[in-house]
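Examining the three-dimensional arrangement
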Amino acid sequence: MSSAAPRPAGPDDLWSVDEHLDDILATVRPLEPIELQLLDAQGCVLVENVTVPVSLPPFDNSSMDGYAVRVADVAGASEEFPAALEVVGDVAAGAADPVRVGPGQAARIMTGAPLPPGAEAVVPVEWTDGGLGEGPASGMRARSLAPEGAEGQVHVYRPAEARAHVRAEGSDVRAGELALEAGTVLGAPQIALLAAIGRGTVRVRPRPRVVVLSTGSELVQPGEELAPGQIYDSNSFALTAAARDAGAIAYRVGAVADDAETLRTTIEDQLIRADLLVTTGGVSVGAYDVVKEALSSVGDEEEAGGGVEFRRLAMQPGKPQGFGTVGPEHTPLLALPGNPVSSYVSFELFVRPAIRALMGLTGLHRPRTRATLKADTALRSPRGRRQFLRGRYADGEVTPVGGAGSHLIAALAKADALIVVPEDTESVEPGSEVEVVLLG
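Okay, so let's go over this structure. (Residues numbered from 1 in each chain as written. Predicted model: local features only at pLDDT ≥ 70, side-chain atom pairs only at ≥ 80, totals over all residues. Heavy atoms only, no water.)

1. Section: the layout of surface pockets
Counted as a void, the second largest pocket has a volume near 300 Å³. Around the second largest pocket, the lining is made up of 17 residues, and of these Asp275, Glu329, His330, Thr331 and Pro332 lie nearest the centre. Class assignment for the residues of the lining of the second largest pocket results in eight nonpolar, five polar and four charged. (1 Å grid on protein atoms, 1.4 Å probe; cavity = no way out; pocket = protein on both sides within 12 Å on 5 of 7 lines; lining within 4 Å. Points joined across faces, edges and corners; volume = space filled by probe spheres on them. Nonpolar A, V, L, I, M, F, W, Y, C, P; charged D, E, K, R; others polar.)

2. Details of the sheet that holds strand β12 (residues 201-205)
Sheet architecture is open: three strands sit in the order β1-β12-β2, paired in antiparallel fashion. On the outer flanks of this sheet lie β1 (34-37) and β2 (45-46), each paired with one strand and no other. Inspection of the sheet shows β1 paired to β12 by four bridges, in the antiparallel sense. When the sheet's bridge partners are listed, glutamate 35 is paired in β12 with arginine 203. (Pairing = 2+ DSSP bridges. Helix = DSSP H or I, 4+ residues; strand = E, 2+ residues; numbered from the N terminus.)

3. Points about the nonpolar core
Membership of the largest hydrophobic core comes to 42 residues, with the highest contact counts inside it found for Leu276, Phe350 and Ile355. Counting only elements with at least two residues in this core, the list comes to α1 (17-27), β13 (209-215), α4 (235-245), β17 (276-280), β21 (331-336), α7 (340-359) and β26 (417-421). Top element by residues in this core is α7. It accounts for twelve residues. With residues up to four places along the chain from it excluded, the contact list for phenylalanine 350 reads Val17, His20, Leu21, Ile24, Leu313, Met315, Gln321 and Leu334. Counting 19 residues, the second largest nonpolar core, distinct from the first, contains Val211, Leu213, Val308 and Val326. (Core = buried A, V, L, I, M, F, W, Y, C linked by side-chain atoms within 4.5 Å. Buried < 20%, exposed > 50% of the residue type's maximum accessible area, 1.4 Å probe, protein only. Contact = heavy atoms within 4.5 Å.)

4. Notes on the packing of α4 against α7
Put simply, α4 and α7 touch, their axes get as near as 10 Å, and they point 25 degrees apart. Relative to α7, α4 is oriented roughly parallel. Between α4 and α7 lies a crossing whose hand is right-handed. Here Asn235, Leu239, Ala242, Ala243 and Asp245 of α4 lie close against α7, whose contacting residues are Pro340, Ser343, Tyr344, Phe347, Arg352 and Ile355. Of the residues assigned to the contact of α4 with α7, the class counts are seven nonpolar, two polar and two charged. (Axes fitted to C-alpha atoms, helices over the stretch in contact; angles between N-to-C directions. Parallel < 35°, antiparallel > 145°, perpendicular 65-115°, else oblique. Left-handed = near helix turned anticlockwise from the far one by under 90°.)

5. Structural notes on the packing of α1 against α7
Axis angle and axis distance: for two packed helices, these are the angle between their axes and the distance between the axes, and together they describe the pair. At their nearest, the axes of α1 and α7 sit 10 Å apart, and the two run at 25 degrees to each other. Regarding the angle of α1 to α7, the classification is roughly parallel. As for the relative orientation of α1 and α7, their crossing is right-handed in sense. Between α1 and α7, the contacting residues are Val17, His20, Leu21, Ile24 and Leu25 on the first element and Leu349, Phe350, Pro353, Ala354 and Ala357 on the second. For the contact of α1 with α7, the class distribution of residues is nine nonpolar, one polar and no charged.

6. Considering the side chain of arginine 366
Inspection of the secondary structure puts arginine 366 in the loop between α7 and β22 (368-373). Given the relative accessible area of 15%, arginine 366 is considered buried. A polar contact of 2.9 Å, which involves the side chain of arginine 366, links it to the side chain of glutamate 348. In this structure the side chain of arginine 366 is engaged in a polar contact, spanning 2.9 Å, whose partner is the backbone oxygen of leucine 439. For arginine 366, the residues in contact, after removing those within four places along its chain, are Asp245, Tyr344, Glu348, Arg352, Val437, Leu438, Leu439 and Gly440. (Polar contact = N/O pair within 3.5 Å; in protein donor to acceptor, adjacent residues only side chain to side chain.)

As far as function goes, none of this settles anything; it's purely spatial.
Here it is in C-alpha cells:
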C-alpha cells in the first residue's frame, strides 16, 4: 500500500503519530499539473515561474486628472500670477495617438492616460481654473457636458517639477522580471498580476477534490426532527469545512447507515469525483463499526496492491485510525474516528497535510509555537499517549478549553489551538512551557 519503510513494532503494536503521518505522506503524491483559466486557477498552486512579458505600466501615464504641461511653462506660477496656457486637446485613458504639447501649451489629461509627446509633468486640475476662468477648480467637467473644455485657455496656479504626477513606464515591474515563483498559491492579488501582464491561462496543480462521508445509523441531517436515540451529523459538516479551509474542493455526502454493503457502494460511487476520501466513524471495535468490513473489499483492493489498514495510534483523542488506497486509481482514503473531537484533531494532524501534499505545497502543517500554560490545576495525560487538548492562545499563553473528552464539541468551537502533551509526560504544571498547534 505504501512506499514507506516498514516500521518497527511498538509497544502493544501501537503506531506513533509520526509513523502514521509519515506513511500517509509517503503514499500521497501531488496532483498532475493542468492549464487553467485565471479564475479557475484561484486557490491553486503555480507550477512554473512566470516572467513579465510587458512592463507595467507599459507607458508613462498620468496619476491624476489634470493638465499635461512643460515644466518651463509653469515655472513661477502662482494664484497671483498664474501661467496661461493654450489647451490643445484631451488625452483620455486608452488614447492611441495623443496630441503633442508644445511651448505655451497644455493638454487635458485623465488618470491612466499616456503622457503626450512634449509634456514633462502633470498638474492636477485643482491647481488650475479648469479652463473656466473662475479661480481654482474642484474637478473637471465631463467632455460631453463641456466640449469646449478641451480648447481655449487654462490658468495654472502652481509650478510642477519634471515627472510630477507621472507614473513611469516599468515602475511596477519591467519586462523580463520574475512576476510569480513556482509554488505560489494564486489568490486575488496574484490573479490580478497575471491578468495585468496579459496571461489568460496558467499552469497549476488543481485543488484536490475531497469527498467526506460520515457513518452511523443514529445520524440525522441538521434541520430534521430527532427521534429517540438519534443525534445530528456534525462531523461531515466540520470535516468538509476544514477541507475547504485547507484549500480543497470538498463534497459532503449524507450520513451512511451502519450497513457494510451500502457503505461500500457509496464509496465506489464517489471515486469518480475524489482525489481523496475521508470517512468518519465505524473504525473502532464495536459490533456496528462497519467501515472496516466495508473497506476490506472495495474493488478487491488487496489483489490490486491497494487496501485500507486499520491501526491503533499512541494518541488521545484519535486512537483508532485507518489509511490506504481504494479503487482502480488507488485513491487515498483516511478513515477517522467518529467522536467529534477525535475526528477533528485527526483531520488537523493527518488529513490537512495530505490535502496540502496533493496541492504540491511545501508547508503542510499548521504553525506551532511554545506557550506558557495558564491553568488552575495540572494537566493529566496517559503515559505512552501523545495528547492533544483544546486551548485558547494569546500573548504567549495558552489556556485549556473544556476537558479531555472526545465528545465536547462546544469546547472545540471555542478553541483556536491544540496543546500537545508528549508521550512521556503524565502531568504538566501551570506555568510550564508547552508546545501549541495554532489552528487559525
